[in-house]
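Commentary on secondary and tertiary structure
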Amino acid sequence: MKSIVILISGRGSNMQALIEAALPVRIAAVISNNPDAAGLEIAKKHNIETCVVDHRKYSDRAEFDLLLADKIDLYRPSLIVLAGFMRVLGGDFVNKYKDKLINIHPSLLPAFPGLGTHKKALKEGVKIHGCTVHFVTSEVDHGPIIIQATVPVLPDDTNETLAARVLLQEHRIFPEAVHLFVEGRLKISGSGVKVCNEISDN
Ligand code: GRF
């Protein structure tokens, strides 16, 4: 069975959705850059190994990335999953895990990269909003898109109501994307991703 490592920074609800999906994959470890991340307790309750690489202890971004990579490599994962991991990872890190690093973002990329996506969506008056699971490239919130889900933006929406509607979809598509990856059904093709019907061991 393939192994994955999940990186978190906070609440950990996407990580929890991955755990509860009971996918045919071993969650080898959950690693956080934040010692106070609530998600660490959730992982421990599920008997998943946890570890903290506190970014505040490293003045140098590259040093943090190297230590993080050292921790990840202990578990030899086939896939590294950014589930609300709020640190920007450097180009060397991203290249090291090329095609093995995926992220969930709470907008329909390429619209609204960065933080505050729901607020931006409300400000722009879009009628459709959503979330994206994508392979990570060195450009933040950019890279071949695996799955997206849409939600309507309703007239009375607040940041909170819209965020909650999007989060429900995040919890649905993230496990689906990880499942497709572990079945070897994702093929990066140019800037896009093809979902193959056949399961592959690669
Ligand atoms: C999610 O909205 C995710 O898309 C974004 O950060 C949030 C993390 O939430 N990258 P959680 O920690 O998974 O609950």
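Just above sits the structure.
Residues numbered from 1 in each chain as written. Predicted model: local features only at pLDDT ≥ 70, side-chain atom pairs only at ≥ 80, totals over all residues. Heavy atoms only, no water.

**Considerations on the pattern of salt bridges**
To keep it simple, the criterion reads: Should a side-chain nitrogen of Lys or Arg be within 4 Å of a carboxyl oxygen of Asp or Glu, the pair is scored as a salt bridge.
Scanning the entire structure with this criterion turns up seven salt bridges. Here R165 ties to D157 by a salt bridge, and the two come within 2.7 Å at their closest N and O atoms.

**Quick look at the sheet that holds strand β5 (residues 101–105)**
Threshold: The criterion for strand pairing is that DSSP finds at least two bridges linking the strands in question. Labels follow the DSSP assignment, with helices taken as runs of H or I lasting at least four residues and strands as runs of E lasting at least two, numbered in each case from the N terminus. Under this scheme, a helix contributes an axis fitted over its contacting stretch, all axes are lines through C-alpha atoms, and angles between N-to-C directions fall in the 0 to 180 degree range. Contacts: residue pairs with any heavy atoms within 4.5 Å of one another.
The seven strands are arranged β3-β2-β1-β4-β5-β6-β7 in an open sheet whose pairing can be described as mixed. For this open sheet the edge positions go to β3 (50–52) and β7 (145–152), each flanked by a neighbour on one side alone. Across the sheet, the mean angle separating the axes of adjacent strands is 20 degrees when strand polarity is ignored. Note that strand β2 (residues 26–32) and β3 share three bridges and pair parallel. Within β3, the residue paired with I31 across the bridge is C51. Those strands touched by helix α2 (residues 38–45) are β1 (3–8), β2 and β3, and its axis lies near 155 degrees from that of β3.

**Focus: the environment of A37**
Structurally, A37 can be placed in the loop between β2 and α2. The spatial distance from the C-alpha of A37 to the C-alpha of P24 is 26 Å, given a sequence separation of 13 residues. Non-local contacts of A37, meaning those with residues more than four positions away in its chain, are made with I8, S9, G10 and S32.

**Details of unusual backbone geometry**
Using the following cut-off: Each residue is assigned to one of three classes by its accessible area relative to the maximum for its type, calculated with a 1.4 Å probe on protein chains only: buried under 20%, partly exposed between the two thresholds, exposed over 50%.
With an omega of 10 degrees, the peptide bond running from L109 to P110 counts as cis. Locating P110 in the fold gives a position in the loop between β5 and α5 (117–124). Non-glycine residue R76 carries a positive phi angle of around 45 degrees. Look at R76 and you get exposed, because its relative accessible area is 74%.

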